[in-house]
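# Topology and contacts: notes
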Amino acid sequence: LHVMNRDFFYDTDIDMFFCRTDVVLNSKKLDFNMKKLEELINDPTQGGFIGILMHEQYYYDDYKHHLPDFKERILGPCEFLYKNGYKGSFISEILNERHVNEFPFDAVTDIKI
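Below, the structure is looked at part by part. These figures come from a predicted structure and were not determined experimentally.

Regarding its fold elements, the protein chain presents four helices and four strands. Start at the N end of the protein chain and walk to the C end: the helices and strands fall as β-β-β-α-β-α-α-α. The proportion of buried residues among the 113 residues of the protein chain is 28%. Residue pairs at least 24 apart in sequence account for 60% of intrachain contacts in the protein chain once pairs closer than 6 positions are excluded. Within the structure as shown, the protein chain displays about 8200 Å² of accessible surface, and the carbon and sulfur contribution to it stands at 55%.

Below, the structure is given as structure tokens:
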């Protein structure tokens, strides 16, 4: 539960960073995902970083569980986030960003370091 209430969490016991995934784009229909993303970007406690992911096998026609609207499920949310000021990045890039170094995790008392 502690991990799910923040974008990132560092566990010193196992020396590992965790990142919350907000939306798995292939698991729900486009309309549902767009509504969820709109809620997230308007929530000051969750809108700083939006974690999205997808499983690419659903794109391929020969995959047993192929999703015909897979392209729209991916591009629609990505375009929406981009138009709202978000940019794509790898988690490693986020962890190395200057603001993380300037405001280390121990600056927040309820995050374990």
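Before going further, it helps to spend a moment on the pairing of strand E2 (residues 16-19). Where strand E1 (residues 8-11) and E2 come together, four bridges link them in antiparallel fashion. Of the residues in E2, the one forming a bridge with aspartate 11 is methionine 16. The hairpin turn running from E1 into E2, its antiparallel successor, is four residues long, and aspartate 15 in that turn takes a positive phi close to 55°.

Quick look at the packing of helix H1 (residues 30-41) against helix H2 (residues 70-83) now. For the pair H1 and H2, interaxial distance at closest approach is 10 Å and the crossing angle is 20°. One element, H1, and the other, H2, form an angle in the roughly parallel class. Here the hand of the crossing between H1 and H2 comes out right-handed. Between H1, through Leu30, Met34, Leu37, Glu38 and Ile41, and H2, the contact on the second element is made entirely by Glu72, Arg73, Gly76, Pro77, Phe80 and Leu81. Of the residues belonging to the contact of H1 with H2, the class tally is seven nonpolar, one polar and three charged.

With that out of the way, let us pick up the side chain of asparagine 33. Tracing the backbone through its elements, the reader meets asparagine 33 in helix H1. At 3.3 Å, the side chain of asparagine 33 and the backbone oxygen of lysine 28 are in polar contact. Beyond its immediate sequence surroundings of up to four residues, asparagine 33 is in contact with Val23, Val24, Leu25 and Lys28.

The terminal C-alpha atoms of H1 lie 16 Å apart, and with 12 residues this matches the ideal 16 Å at 1.5 Å per residue to within 8%. Within the span of H1, buried status applies to Asn33, Leu37, Leu40 and Ile41. Down the axis of H1, the smallest arc covering the buried residues is 90°, so these residues share one side. Residues of H1 that are exposed and point more than 90 degrees away from the buried face comprise Asp31 and Lys35. Buried residues in H1 make contact with strand E3 (23-24), strand E4 (52-53) and H2.

Each value, and the rule that gives it
Residues numbered from 1 in each chain as written. Predicted model: local features only at pLDDT ≥ 70, side-chain atom pairs only at ≥ 80, totals over all residues. Heavy atoms only, no water. Helix = DSSP H or I, 4+ residues; strand = E, 2+ residues; numbered from the N terminus. Buried < 20%, exposed > 50% of the residue type's maximum accessible area, 1.4 Å probe, protein only. Contact = heavy atoms within 4.5 Å. Areas by Shrake-Rupley, 256 points an atom, 1.4 Å probe, with all protein chains shown as cover. Pairing = 2+ DSSP bridges. Axes fitted to C-alpha atoms, helices over the stretch in contact; angles between N-to-C directions. Parallel < 35°, antiparallel > 145°, perpendicular 65-115°, else oblique. Left-handed = near helix turned anticlockwise from the far one by under 90°. Nonpolar A, V, L, I, M, F, W, Y, C, P; charged D, E, K, R; others polar. Polar contact = N/O pair within 3.5 Å; in protein donor to acceptor, adjacent residues only side chain to side chain. Expected span 1.5 Å × (residues − 1). Arc of directions from axis to C-beta.

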